[in-house]
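Read off the chains here:
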Amino acid sequence: MGAVKIGVISCSGEDCLGGTISRLATRKIIEEMPQGDAVTLCLPLFIAGGEEERGFAAAHPTITVDGCNKWCAKRATERLSGKVSDVVQVADIIGNEAAEGPVISTRNISPEHLEMVDKVAEEIRVKFDRIAESYIGKALQIKGF
Amino acid sequence: MSSMSKKVKVIPCSGIGKVHGLLAREMGLRVVNEICPQEAETECLAYIVTGDQEIIDLIKESKCVTIDGCPKMCAAKSVTELGGTVAQEFRVVDALKEYRGMKPGSVTALNDAGWKIVDETAEKISARVREIYGEE
């Protein structure tokens, strides 16, 4: 795409499997997208003096990726920065029971976990493309096309 | 999710921009899940950042050990912001001074050198966690 930067903000939760999956899926998107299109932000930097992070999330579209139904990434982003453009809920994709299962180290990632990562990353990608197309459409309208 | 307990809360930053964040996350998980599960547990830093009353109450009642990947100290600052007590701050950048020249891997996956750093540093953090757990 290249026309718009989109922030992808993962909860990276340490308490359940969903947190690990949210983190790995977000990293997968960042690594596979053309450089600069997708930007990830450390969620706790919103509190720890991250004016740059708060400013980015306020000025650019953002997608939050939450590992469980506490919705921490979405709620924290909206509390400290601004309304998010879209959300991805890992539990909706891999199932609530799996998402709330024990957290795992990346040392113990299995092929089954990687399938979960792929599914979540695909959902992020779909929402990413939808937002990017919407912004491009608006830009073309403004230019009179 | 934990209820009020005497266990030390070990809170890594889990930063997602650099390998330091993954090192912090894996050190924290190794401490609470493998080395001292009887004395330590974790809370999601993202949950702390929400500022929910439930997590504020829990953090205020607990002794916390934070593990931060970079000098921005997000985990320590977030716990302090909620009124919690940081009994010990660990910084990955300090730990790495003992491993000069070693490349620990990427922010997505650690290599053998990265796991060596995680395992050895987690032992040191665990020793401090046990001391804090034993304090009145």
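Residues numbered from 1 in each chain as written. Chains lettered and ligands numbered in written order. Predicted model: local features only at pLDDT ≥ 70, side-chain atom pairs only at ≥ 80, totals over all residues.

Colleague: So what exactly am I meant to see when it comes to the overall build of chain A here?
Modeller: Across its full length, chain A holds 6 helices and 4 strands. When the elements of chain A are put in sequence order from the N terminus, they spell out β-α-β-α-β-α-β-α-α-α. Compactness check: chain A gives a C-alpha radius of gyration of 15 Å against a globular reference of 15 Å for 145 residues, within 12% of the reference. Seen through its principal axes, chain A has C-alpha atoms that stretch 50 × 30 × 25 Å. (Helix = DSSP H or I, 4+ residues; strand = E, 2+ residues; numbered from the N terminus. Rg over C-alpha atoms; globule rule 2.2 N^0.38 Å.)

Colleague: Help me out: how do you make sense of the sheet that holds strand β4 (residues 85-91) of chain B in this one?
Modeller: Backbone-to-backbone hydrogen bonds join strands into a sheet, with any given pair of strands oriented parallel or antiparallel. All names here are of chain B. With respect to topology, 4 strands assemble into an open sheet ordered β2-β1-β3-β4, the strand pairing being parallel. A strand with exactly one partner marks an edge of an open sheet, and here the two such strands are β2 (40-41) and β4. Set on the sheet, helix α6 (residues 112-134) makes contact with β1 (8-12), β2, β3 (63-68) and β4; between it and β3 the angle comes to about 165°. (Pairing = 2+ DSSP bridges. Contact = placed C-beta atoms within 7 Å. Axes fitted to C-alpha atoms, helices over the stretch in contact; angles between N-to-C directions.)

Colleague: Can you help me understand helix α4 (residues 74-81) of chain B in this one?
Modeller: Note: α-helices contain 3.6 residues per turn, so residues at a spacing of three or four share the same orientation. Residue and element names in this part refer to chain B. Where burial is concerned, most of α4 is hidden: 6 out of the 8 residues are buried. Turning to α4, its buried residues number three or more, namely C74, A75, A76, K77, S78 and V79. Where α4 is buried, its residues meet β1, α2 (45-50), α3 (53-60), β3 and β4. (Buried ≥ 20, exposed ≤ 12 C-beta atoms within 10 Å, placed from the backbone.)

Colleague: What am I meant to see in the packing of helix α1 (residues 19-35) of chain B against α6 of chain B here?
Modeller: The angle between the axes and the distance between the axes are what describe a pair of packed helices. All names here are of chain B. For the pair α1 and α6, the least separation of the axes is 8 Å and the interaxial angle reads 55°. Here α6 runs oblique to α1, going by the angle between their axes. As for the relative orientation of α1 and α6, their crossing is right-handed in sense. Seen from α1, the contacting residues are L23, E26, M27, R30, V31 and I35; seen from α6, they are G114, I117, V118, D119, T121, A122, E123, I125, S126 and V129. Looking at the contact of α1 with α6, its residues break down into 9 nonpolar, 3 polar and 4 charged. (Parallel < 35°, antiparallel > 145°, perpendicular 65-115°, else oblique. Left-handed = near helix turned anticlockwise from the far one by under 90°. Nonpolar A, V, L, I, M, F, W, Y, C, P; charged D, E, K, R; others polar.)

Colleague: Could you clarify how one ought to interpret the nonpolar core in this entry?
Modeller: Side chains that are nonpolar tend, in soluble globular proteins, to be buried together. Counting residues in each nonpolar core, the largest one holds 81 residues, and the members touching the most others are L43, V65 and I124 of chain A together with A46 of chain B. Residues contacting A46 of chain B, with those up to four places away along its chain left out, are C11, S12, G13, L43, C72, A73 and A76 of chain A. (Core = buried A, V, L, I, M, F, W, Y, C linked by C-beta atoms within 7 Å.)

Colleague: Explanation requested: the interface of chain A and chain B in the structure shown.
Modeller: Quoted interface sizes are often the accessible area lost when the parts come together. If you look at the interface, chain A gives 29 residues, while chain B gives 33 residues. Listed by contribution, the elements that provide at least two residues to the side of chain A that touches chain B are α1 (17-32) and α3 (72-80) of chain A. For the side of chain A that touches chain B, the residue count by class is 12 nonpolar, 8 polar and 9 charged.

Colleague: Would you mind showing me how to read the sheet that holds strand β4 (residues 86-89) of chain A here?
Modeller: All names here are of chain A. If you trace the 4 strands from one edge of the open sheet to the other, you get β2-β1-β3-β4, paired in parallel fashion. Each edge of the open sheet carries a strand with a single partner, namely β2 (38-40) and β4. This sheet shows a mean twist of 25° between the axes of neighbouring strands, independent of strand direction. Bridge count for strand β1 (residues 6-10) against strand β3 (residues 62-66) is 4 bridges, and the pairing is parallel. Opposite I9, over in β3, you have T64 as the bridge partner. Set on the sheet, α3 makes contact with β1, β3 and β4; between it and β3 the angle comes to about 140°.

Colleague: Hey, could you run me through the confidence of the model for chain B in this one?
Modeller: Interpretation of the predicted coordinates at a detailed level should be avoided for regions scoring low in pLDDT. In the predicted model, chain B carries a mean pLDDT of 94, and 96% of its residues have values of at least 70. Across the predicted assembly, pTM comes out at 0.92 and ipTM at 0.92. (pLDDT = per-residue confidence, 0-100.)

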